[in-house]
Every structure is written in C-alpha cells, then in structure tokens.
Amino acid sequence: MPLLLVTNDDGVHAAGLAALAEAVSELGDVWVIAPEREQSACGHALTLHRPIRPTEVRDRERWFAVNGTPSDCVNLGVLGFLPERPVLVLSGINHGSNLGDDVTYSGTVSAAMEGTLLGVPSIAFSLVEGDDFTVAAGVARLIATRALVESIPRKTLLNVNVPAGTPRGVRVAALGHRVYSDKIVAQADPRGRTHYWIGGGEPQWEALDGTDMGAVHEGYVSISPVQLDLTNHRAVAHMADWQNALNAQYRRAHRSG
Ligand code: MN
C-alpha cells in the first residue's frame, strides 16, 4: 500500500482533518502529521529556531501532533520521520475557503506547496462554508484517487475548494484576483486611538469568469493547478536594458567613488 501523508493548518483536532484522513483511508497507509494548535494564515512559515517534536495522538493510530507549522509537518513526513516517502501529500480539509490570491497566506495550501517543493504530488482541500465535511470528503477521495492513477502535472499542486451544500459538479479553474480596496478597516478605540483590522472588509474579486472564485460562487468544486515558479520569465528577457543601465551606472559610480 502506498503511504499517504495527511496534514492541515486548523490543528490536529479539527473535524476537517479527520474527515480527510477517513475519506482516503482505503487508498493507502494513511499517516497524519498535523500542528498541535491552529495555524491558519501562517503562510509558508518554517520553524528553524527551535526543535519540533511529534507527539503520538491518543487513541489514534499513525496520528502525530507537532509543535510547529503545516510546512514543518510536511518536512518531517517527507524527509525521514515516516517509514517511507509518501506518494501523496493531502492537506485539509480546511474550515473556510482558500481562493485566488489568498492562497499565499494559507497554511493549508502552503503544506501542499512544501510537498510539491519536496517532489511529492500534493493537494490542498478547503470547504468554503459550514462544518459538514461529508460531501467535501467524498470529493477529496475522488480527486486523490485520480491523482494516484493519473498523477498530477510536475511541480504543480492542486488547490481544491468545495462549496457549501451539494456541488453541481467540478471545474478546473485559474486562481482569481482580489480587489484590495477594503482590506483595512479603521476604528477608534474607547480612548480615541485608531486601530486597524486587516481582512475585516467584504472580499471583492476581479472578473470571476474562469476563476476558482467564480466556480464556487456558481456552486461548483474548483480545482486549480498551481505552480511554484514565481519568476516572470518574459520579464527576465525584457529587463535586459535594466541590467545594462544599472551596470553602466554602477561602474561609473565605482570608478568615481
Ligand atoms: Mn485553516
């Protein structure tokens, strides 16, 4: 049986984690390594300044809680803590959506990024609304099964969002883009000082057509293939004149200095 690593960012006691581990239990040997506390919006953080320690979860076989982040859990699982290398990293099911530009903040998606960077096909799952994971777990099993059979494109993770209720189907979609105008909400405290809420406003999105946000808005499961190559390769070519100009200025300054 292939080894499957399951993790999340809501913490080892989250209902979505148990639902995901249970959903894929027949696809392989499932090992769960998850943060001991909630780490939502931790992004891709890695713990380097203190030791991380897996602790067996009581009454759960092959379940471990870690005093660290989702990325820590994936590193542990892929780089030697488990009896063999996992064939799949599955992250979630997150309580709440991870859509569009928000994936950069997401611990759920970062776990899948880490798996991908380490060369293991990885999928992140999120339930957009509510806390009934039944349908989302079934969708996760379908997608994980297909990933095992068909494999995921190289250096690419799948980001899956499941809408509330009964989805109308599945759409492969691009990540949407947020409009950031309302991102900070300013309020006065009782002493008249101003404080700020980040993420307090209603999220707004650019055109929804073809995006993950549009898909879940219309009641579909979204699957977004996400790559980690952040370089704008066209810009590398276009910026040759930057290189030339900066080199000329640098040499001039260096000579005169
Ligand atoms: Mn979360």
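In this text the structure is predicted, and so the values were computed from the model without any measurement.

Draft legend 1. Structural detail: the nonpolar core. Of all hydrophobic cores here, the largest spans 36 residues; its most connected members are Val6, Val24, Leu90, Ile93, Ile123 and Phe125. When residues in this core are grouped by element, the largest group, 7 residues, is from helix α4 (residues 134-150). Setting aside residues no more than four positions away along its own chain, isoleucine 123 makes contact with Val89, Leu90, Ser91, Ala112, Ile143, Ala144, Ala147, Ile152, Leu158 and Val160. In this structure, Leu3, Leu5, Val74 and Val89 belong to the second largest nonpolar core, which totals 14 residues.

Draft legend 2. View of the pattern of salt bridges. Counting across every chain of the model gives 5 salt bridges. Residue aspartate 29 is joined to arginine 62 by a salt bridge in which the shortest nitrogen-to-oxygen separation is 3.6 Å. Separated by 33 residues along the polypeptide, aspartate 29 in strand β2 (residues 29-35) and arginine 62 in the loop between β3 (54-56) and β4 (63-66) bring together distant segments of the chain. Residue classification places aspartate 29 among the partly exposed positions, given a relative accessible area of 26%. Arginine 37 serves as the salt-bridge partner of glutamate 36, at 3.8 Å between the closest nitrogen and oxygen.

Draft legend 3. View of the sheet that holds strand β1 (residues 3-7). Pairing is mixed across the open sheet formed by 9 strands, whose spatial order is β3-β4-β2-β1-β5-β6-β7-β13-β8. Both outer strands of the open sheet, β3 and β8 (170-172), are each paired with one neighbouring strand and no more. Averaged over neighbouring strand pairs, the angle between their axes works out to 25 degrees when direction is ignored. Here β2 runs beside β4; their pairing, made up of 4 bridges, is parallel. Considered in β4, the bridge of proline 35 is made with valine 66. Sheet strands in contact with helix α2 (residues 70-78) are β1, β2, β3, β4 and β5 (88-95), and its direction is about 165 degrees off that of β1.

Draft legend 4. Looking closely at the packing of α2 against helix α3 (residues 107-117). At their nearest, the axes of α2 and α3 sit 8 Å apart, and the two run at 30 degrees to each other. It follows that α2 is roughly parallel to α3 by the angle criterion. Considering only the axes of α2 and α3, their crossing is right-handed. Contacts between α2 and α3 involve Pro70, Ser71, Val74 and Asn75 from the first element and Gly107, Ser110, Ala111, Glu114 and Gly115 from the second.

Draft legend 5. How the structure looks around the domain arrangement of the protein chain. Domain boundaries in the protein chain define domain 1 (3-176 + 211-231) and domain 2 (178-204). Taken over C-alpha atoms, the centre of domain 1 sits 30 Å from the centre of domain 2.

Draft legend 6. Summary view of the coordination of the manganese ion. Around the manganese ion, the protein contributes the donor atoms Asp9 (OD), Asp10 (OD), Ser40 (OG) and Asn94 (OD1), which lie 2.1 to 2.3 Å from the metal centre. When the donors of the manganese ion are listed by position in the chain, the intervening gaps give D-D-x29-S-x53-N. Placement of the pair is aspartate 9 in the loop between β1 and α1 (15-23) and asparagine 94 in strand β5, with a sequence separation of 85 residues. According to the relative accessible area criterion, asparagine 94 is buried, its value standing at 6%.

Draft legend 7. Region of the structure containing the packing of aromatic side chains. Scanning the model with the defined rule gives 2 aromatic pairs in all. With centroids separated by 6.2 Å and ring planes inclined at 5 degrees, the aromatic side chains of tryptophan 31 and phenylalanine 64 adopt a geometry described as stacked. Of this pair, tryptophan 31 sits in strand β2 while phenylalanine 64 is found in strand β4, placing the two residues 33 residues apart along the sequence. Note on tryptophan 31: relative accessible area 16%, which makes it buried. Aromatic pair phenylalanine 64 and phenylalanine 81: ring centres 5.0 Å apart, planes at 90 degrees, arrangement edge-to-face. In this pair, phenylalanine 64 is assigned in strand β4 and phenylalanine 81 in the loop between α2 and β5, connecting sequence segments 17 residues apart. Given a relative accessible area of 32%, phenylalanine 81 falls into the partly exposed group. Taken together, the ring pairs connect Trp31, Phe64 and Phe81 into an aromatic cluster. Stacked on the ring of tryptophan 63, the Lys or Arg arginine 60 has its end atom at 4.2 Å from the ring centre.

Reading the values: the criteria
Numbering of residues begins from 1 in every chain and follows the order in which that chain's sequence is written. Per-residue local features of the predicted model are confined to residues with pLDDT of at least 70, and side-chain atom pairs are confined, for both listing and counting, to 80 or more; whole-chain, interface and lining totals are unaffected and use all residues. The basis for every side-chain value is the complete set of heavy atoms in the structure, and neither hydrogens nor water enter the calculation. The nonpolar core is taken to be a set of buried Ala, Val, Leu, Ile, Met, Phe, Trp, Tyr and Cys residues, with the residues joined through side-chain atoms within 4.5 Å. To sort residues, take the accessible area from a 1.4 Å probe on protein chains only and compare it with the maximum for the residue type: under 20% means buried, over 50% means exposed, and anything in between is partly exposed. In this description a helix means any DSSP run of H or I spanning at least four residues, a strand means any run of E spanning at least two, and both kinds are numbered starting from the N terminus. The criterion used for residue contact is that any of the two residues' heavy atoms lie within 4.5 Å. When a carboxyl oxygen of Asp or Glu lies within 4 Å of a side-chain nitrogen of Lys or Arg, that pair is called a salt bridge. Here, any two strands with at least 2 DSSP bridges between them count as paired. Angular values range over 0 to 180 degrees, each being the angle between N-to-C directions of two axes fitted as lines to C-alpha atoms, with helices fitted over their stretch in contact. Geometric relationships in this document are graded by angle, where less than 35 degrees denotes roughly parallel, more than 145 denotes roughly antiparallel, 65 to 115 denotes roughly perpendicular, and other angles denote oblique. In a left-handed crossing the near helix is turned counterclockwise from the far helix by less than a right angle, and in a right-handed crossing that turn is clockwise. Where each domain starts and ends comes from a domain assignment, either automatic or drawn from a database. For Na, K and Ca the donor cutoff is 3.2 Å, while for all other metals N, O and S atoms count as donors only within 2.8 Å; water does not appear among the atoms, so some sites may look incomplete. A pair of Phe, Tyr and Trp rings is counted when the ring centres sit within 6.5 Å of each other, with Trp represented by its six-membered ring. The angle between the planes then sorts it: under 30 degrees is stacked, over 60 is edge-to-face, the rest tilted. Here, a charge over a ring means that NZ of Lys or CZ of Arg falls within 6 Å of the ring centre while also lying within 35 degrees of the ring normal.

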